[in-house]
Amino acid sequence: MKKVLVTGGAGYIGSHTVVALVERGYHPIIVDDLRNSSLIILEGLKKLCGDGFSFLSIDICDKNILFSVFEDHGIQAVIHFAAYKSVGESCVVPLRYYQNNLIGLMNVLEACQTFNVQKFVFSSSCTVYGEPNGRQVFENTPKHLPESPYGFTKWMGEQILEDLHRNTQPFNTLCLRYFNPIGAHPSGLIGELPVGIPNNLLPYITQTAAGIREYLTVFGNDYPTPDGTCIRDYIHVCDVAEAHVCALQHEGYVPLDVFNIGTGKGTSVLEMVETFNVVSGRELPYKLGDRRPGDITEIFANVEKSEAELGWKAQRTVEEALRDAWNWEQQLKQHD
Ligand code: UDP
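Before going into details, it helps to say that this report is about the structure given with it. (Residues numbered from 1 in each chain as written. Predicted model: local features only at pLDDT ≥ 70, side-chain atom pairs only at ≥ 80, totals over all residues. Heavy atoms only, no water.)

Considering the nonpolar core
As a reminder of what qualifies: In plain words, nonpolar cores are sets of buried Ala, Val, Leu, Ile, Met, Phe, Trp, Tyr and Cys residues tied together by side-chain atoms within 4.5 Å. Throughout this description, buried means an accessible area under 20% of the type-specific maximum (1.4 Å probe, protein chains only), exposed means over 50%, and partly exposed covers the range between. A helix here means a DSSP run of H or I that spans at least four residues, while a strand means a run of E at least two residues long, and both kinds are numbered starting from the N terminus. Whether two residues are in contact is decided by their heavy atoms: any pair within 4.5 Å suffices.
Residues Leu45, Leu176, Leu248, Ile261, Leu310 and Trp312 are the most contacted members of the largest nonpolar core, which totals 42 residues. When residues in this core are grouped by element, the largest group, eight residues, is from helix H8 (residues 237–249). Once residues lying within four places of it in the same chain are set aside, the contact partners of Leu45 are Gly9, Ser15, Val18, Val19, Ile30, Gly50, Phe53 and Ile190. One finds Leu5, Ile29, Val31 and Cys175 within the second-largest nonpolar core, a separate group that totals 25 residues.

Okay, structure coming up:
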């Protein structure tokens with residue numbers, strides 16, 4: 001199972017996963033139409049991986065072209081990242097999100113069935129837990145309805161996979177529920193490329209430090225947490241990437257399984273700002289603002305199952321992730 005199809009392999013988590021796969025002797029075949037990425041990432045991948053991967057510029061919503069890729073390359077395993085991912089944008093253009101994320105997924109699944117793929121790894125998200133009753137979530141914590149069309153596409157993606165496995169057992173499937181991936185490859189050759197004004201905390205912090213944004217707005221400091229700001233489980237993107245290698249190597253007893261991909265530790269927004277100041281040697285300008293609608297107070301992963309069954313555990317600290325994110329932001333400036 002050395003050839004692995006990686007849809008969205010030029011994206012943020014996808015590109016870091018490609019590097020992790022090449023390091024472990026796999027040959028990733030990236031399919032990506034670069035809608036949400038750029039040649040900068042492909043150039044970075046080339047420097048990091050040489051000829052260890054292939055790249056095909058295709059849109060997975062075009063079923064005929066997608067099927068021809070499976071036909072031509074003898075694909076046995078698929079890691080499916082390709083999807084739109086902006087929570088805010090998904091509320092403005094929900095049809096675009098449902099169309100792209102769900103049709104893309106269904107085309108890939110149909111191809112997997114047709115071409116007898118053995119392993120399927122799905123990019124899911126902790127958004128499927130919605131507002132949890134507890135602060136720490138386990139894989140069997142009940143799911144709640146998400147707040148956004150984006151969240152629903154992940155929620156429905158998992159449902160489609162459950163339904164597919166109810167009566168048939170087409171291929172071994174793992175859903176990886178990511179918490180908050182941050183950081184970049186330590187080389188500074190690949191990282192996150194937000195389109196427009198970032199919604200997520202980390203790119204907003206690094207762009208503010210780089211002078212692209214005037215100041216960070218901290219969304220709410222009246223939450224019932226020690227410093228009043230929301231708490232999330234931030235995880236280095238290279239740790240997330242390595243979880244996919246473990247997922248490919250996982251000999252599952254059940255045909256469909258779910259794993260939390262987090263560190264198991266929560267960090268508040270203000271703690272992130274303070275740590276960023278320490279690693280960057282700067283004083284990030286920020287203002288306290290109103291709560292952002294739809295934000296949950298606190299969520300972090302229980303990772304016992306991932307450790308025990310996937311044999312995977314996050315190795316890197318939030319400090320390392322912030323340092324690598326800042327390094328990437330500074331490298332990006334050189335491309336302007
Ligand atoms: N956040 C913030 N200012 C920003 C962006 C995010 O205070 O400009 C906060 C946000 O309210 C949340 C945390 O940072 O508490 C993480 O937000 P992000 O959008 O990165 O992830 P998610 O909300 O999806 O977990």
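What about the pattern of salt bridges?
To keep things clear, this is the line we draw: Put simply, a salt bridge is a Lys or Arg side-chain nitrogen that is within 4 Å of an Asp or Glu carboxyl oxygen.
Applying the stated criterion across every chain, the model contains 16 salt bridges. We note a salt bridge from Glu110 to Lys63, for which the minimum N-O separation is 3.0 Å. You can see Glu110 sitting in helix H5 (residues 94–114) and its partner Lys63 sitting in helix H3 (residues 63–73), a full 47 residues away along the chain. A relative accessible area of 32% places Lys63 in the partly exposed class. Between Arg232 and Asp295 there is a salt bridge whose closest N-O contact spans 3.7 Å. Pair noted here: Arg232 is in strand S10 (residues 231–232) and Asp295 is in the loop between strand S14 (286–289) and strand S15 (300–301), with a separation of 63 residues, a long-range link. By relative accessible area, which is 12% here, Arg232 ends up buried. By relative accessible area, which is 18% here, Asp295 ends up buried. Within the structure, one salt-bridge network assembled from shared partners comprises Lys143, Glu158, Glu162 and Arg177.

Structural notes on the sheet that holds strand S4 (residues 77–80)
As a reminder of what qualifies: Strand pairing is assigned whenever DSSP detects at least two bridges linking the two strands. Orientation is described by lines fitted to C-alpha atoms, with helices fitted over the stretch in contact, and by angles between N-to-C directions that extend from 0 to 180 degrees.
Overall, parallel pairing links the seven strands, which are arranged S3-S2-S1-S4-S5-S7-S12 in an open sheet. Whereas interior strands pair on both sides, the edge strands pair on one side only; in this sheet they are strand S3 (54–56) and strand S12 (256–261). Taken pair by pair, the neighbouring strands of this sheet meet at an average axis angle of 20°, ignoring direction. Inspection of the sheet shows S4 paired to strand S5 (residues 119–125) by four bridges, in the parallel sense. In the sheet register, His80 faces S5, and the bridge partner there is Phe122. Relative to strand S7 (residues 172–178), H8 is tilted by about 165°, and along the sheet it contacts strand S1 (3–7), S4, S5, S7 and S12.

Some points on the site of the ligand
Going by this rule: Near, as used in this document, describes a residue that has one of its heavy atoms within 4 Å of the molecule or strand being considered. Here a polar contact is recorded for every N or O atom pair within 3.5 Å, except that within protein the pair must consist of a potential hydrogen donor and a potential acceptor, and residues adjacent in sequence are included only if both atoms are side-chain atoms. Areas reported as accessible are Shrake-Rupley estimates using a 1.4 Å probe. Residue values count occlusion only from the protein chains shown.
Contacts to the ligand come from 15 residues, most closely from Leu201, Thr217, Arg232, Arg292 and Asp295. Side-chain polar atom of Arg232 to an oxygen atom of the ligand: 2.7 Å apart, as the coordinates give it. Protein contacts shield 88% of the accessible area of the ligand, which totals 520 Å² for the unbound molecule. When contributions to the shell around the ligand are tallied by element, the ones reaching two or more residues are helix H7 (201–209) and strand S9 (216–219). Considering each element in turn, the shell around the ligand owes the most residues, four residues, to S9.

Examining the packing of H3 against H5
For any two helices packed against each other, one specifies the inter-axial angle together with the distance between the axes. Put simply, the rule is: Note: crossing handedness is left-handed where the near helix turns anticlockwise from the far helix by less than a right angle, and right-handed where it turns clockwise. Residues are grouped as follows: nonpolar covers Ala, Val, Leu, Ile, Met, Phe, Trp, Tyr, Cys and Pro; charged covers Asp, Glu, Lys and Arg; every other residue, Gly included, is treated as polar.
Running from N to C, H3 and H5 point in directions that differ by 40°, and their axes come no closer than 10 Å. In this structure, H3 meets H5 at a crossing whose hand is right-handed. Every residue of H5 that contacts H3 at Lys63, Leu66, Phe67 and Phe70 is listed here: Asn107, Val108, Glu110, Ala111, Cys112 and Thr114. The residue inventory of the contact of H3 with H5, partitioned by class, reads six nonpolar, two polar and two charged.

Overview of the packing of aromatic side chains
Stated precisely, the cut-off is as follows: Pairing of aromatic rings covers Phe, Tyr and Trp, the last counted by its six-membered ring, and requires centre-to-centre distances within 6.5 Å; plane angles under 30 degrees mean stacked, over 60 mean edge-to-face, and any other angle means tilted. As a reminder, the over-ring test applies to NZ of lysine and CZ of arginine, requiring each to be within 6 Å of the ring centre and within 35 degrees of the ring normal.
Per the stated rule, a full pass over the model turns up seven aromatic pairs. Aromatic pair Phe120 and Phe171: ring centres 5.9 Å apart, planes at 50°, arrangement tilted. Here Phe120, found in strand S5, pairs with Phe171, found in the loop between helix H6 (149–167) and S7; they are 51 residues apart in sequence, far enough to count as distant. The class for Phe171 is buried, based on a relative accessible area of 3%. Through a chain of ring-to-ring contacts, three or more aromatic side chains come together here, namely Phe67, Phe70 and Phe115. We note Lys2 situated over the ring of Tyr26; from NZ or CZ to the ring centre the distance is 4.9 Å. Lying over the aromatic face of Tyr215, Lys287 brings its terminal NZ or CZ to 4.2 Å of the ring centre.

In short, shape yes, function no, at least from these values alone.
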